[in-house]
Amino acid sequence: MIRSGSFAGRIAALLVMLLMTLGLTGCLSHWFLDSSTRLQVENRTKFDVVSIDIISEDHTSIKPWIKDTVRSGEKSRVYEEDWVGSFQARFVFLASDSVKRNVVKEYRADMDFDGGSLYMVLYEDKDGAIHYEFR
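Since this is a predicted model, take the numbers as computed values, not measurements.

### Quick look at the overall build of the protein chain
Thinking step 1. Each helix and strand counted, the protein chain has two helices and eight strands in total.
Thinking step 2. Along the protein chain, helices (α) and strands (β) appear in the sequence α-α-β-β-β-β-β-β-β-β when read from the amino end.
Thinking step 3. The burial tally for the protein chain puts 33% of its 135 residues in the buried class.
Thinking step 4. Pairs at least 24 residues apart make up 59% of the contacts formed inside the protein chain by residues separated by at least 6 positions.
Thinking step 5. Total accessible area on the protein chain stands at roughly 9,100 Å², and carbon and sulfur atoms take up 56% of it.

Encoded structure:
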């Protein structure tokens, strides 16, 4: 016959098993603070997105985030960077049928990244202005 221990002993054993289970499910720090942002972009504009950059707070440097072209109607791969905080993003667009590949539009937006995974949709309104939303 197995005798059960004290109530405090059972609670301690249950707590240890719970902590071990939680430890196996992933890095605990990601539950409280994610130090990087993963971004995937869906381009619903009539232009190709050729660059998504992050501009420094003093506007003296520009760091490319997505360097691959995201064609009109397509989705990008997922890109991960250590962007957590408030930033200004710059989107550079080209006409999707342009032979010369001249820059057609540049769009800037202030964004807050809290870390984690983001899915951004870029679209145009009826006046041709570029907008974004996170889903």
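This is not the end of the story, as more comes after the structure.
### Quick word on the nonpolar core
Note that soluble globular proteins tend to have their nonpolar side chains buried in a common cluster.
Thinking step 1. Core analysis: the largest hydrophobic core is formed by 21 residues, its most contacted members being Trp-65, Phe-91 and Phe-93.
Thinking step 2. Breaking this core down by element, the ones donating at least two residues are β1 (37-43), β2 (47-55), β3 (62-66), β5 (85-95), β6 (103-113) and β7 (116-124).
Thinking step 3. Sequence-distant contacts of Phe-91, that is, excluding residues within four places in its chain, are made with Ser-51, Ile-52, Lys-105, Glu-106, Tyr-107, Met-111, Met-120 and Leu-122.

### Concerning a nonpolar patch on the surface
Thinking step 1. A contiguous nonpolar surface patch, about 430 Å² in accessible area, is contributed by Phe-7, Ile-11, Leu-15 and Leu-19.
Thinking step 2. By the secondary structure assignment, Leu-19 is in helix α1 (residues 7-24).

### Here's the deal with the pairing of β5
Thinking step 1. Within β5, eight of the eleven residues are buried, which leaves the element mostly enclosed by the surrounding structure.
Thinking step 2. Inspection of the sheet shows β2 paired to β5 by eight bridges, in the antiparallel sense. Across the sheet, Asp-48 pairs through a bridge with Leu-94, a residue of β5.

### Some points on the environment of Gly-73
Thinking step 1. Looking at where Gly-73 falls in the secondary structure, it is placed in the loop between β3 and β4 (79-81).
Thinking step 2. Note on Gly-73: relative accessible area 61%, which makes it exposed.
Thinking step 3. Each C-alpha atom of the pair Gly-73 and Thr-45 lies 7.1 Å from the other, and the pair is 28 residues apart in sequence.

### What about the pattern of salt bridges?
Thinking step 1. Evaluation of the coordinates by the stated rule reveals eight salt bridges.
Thinking step 2. The salt bridge partner of Glu-42 is Arg-44, with a shortest N-O separation of 2.9 Å.
Thinking step 3. Note on Glu-42: relative accessible area 13%, which makes it buried.
Thinking step 4. In the salt-bridge network here, residues are joined through shared partners; they are Asp-53, Arg-90, Glu-106 and Arg-108.

Each value, and the rule that gives it
- Residues numbered from 1 in each chain as written.
- Predicted model: local features only at pLDDT ≥ 70, side-chain atom pairs only at ≥ 80, totals over all residues.
- Heavy atoms only, no water.
- Helix = DSSP H or I, 4+ residues; strand = E, 2+ residues; numbered from the N terminus.
- Buried < 20%, exposed > 50% of the residue type's maximum accessible area, 1.4 Å probe, protein only.
- Contact = heavy atoms within 4.5 Å.
- Areas by Shrake-Rupley, 256 points an atom, 1.4 Å probe, with all protein chains shown as cover.
- Core = buried A, V, L, I, M, F, W, Y, C linked by side-chain atoms within 4.5 Å.
- Patch = residues over 30% accessible without salt bridge, like charges linked within 9 Å, V, L, I, M, F, W, Y side chains within 5 Å.
- Salt bridge = Lys/Arg side-chain N within 4 Å of Asp/Glu carboxyl O.
- Pairing = 2+ DSSP bridges.

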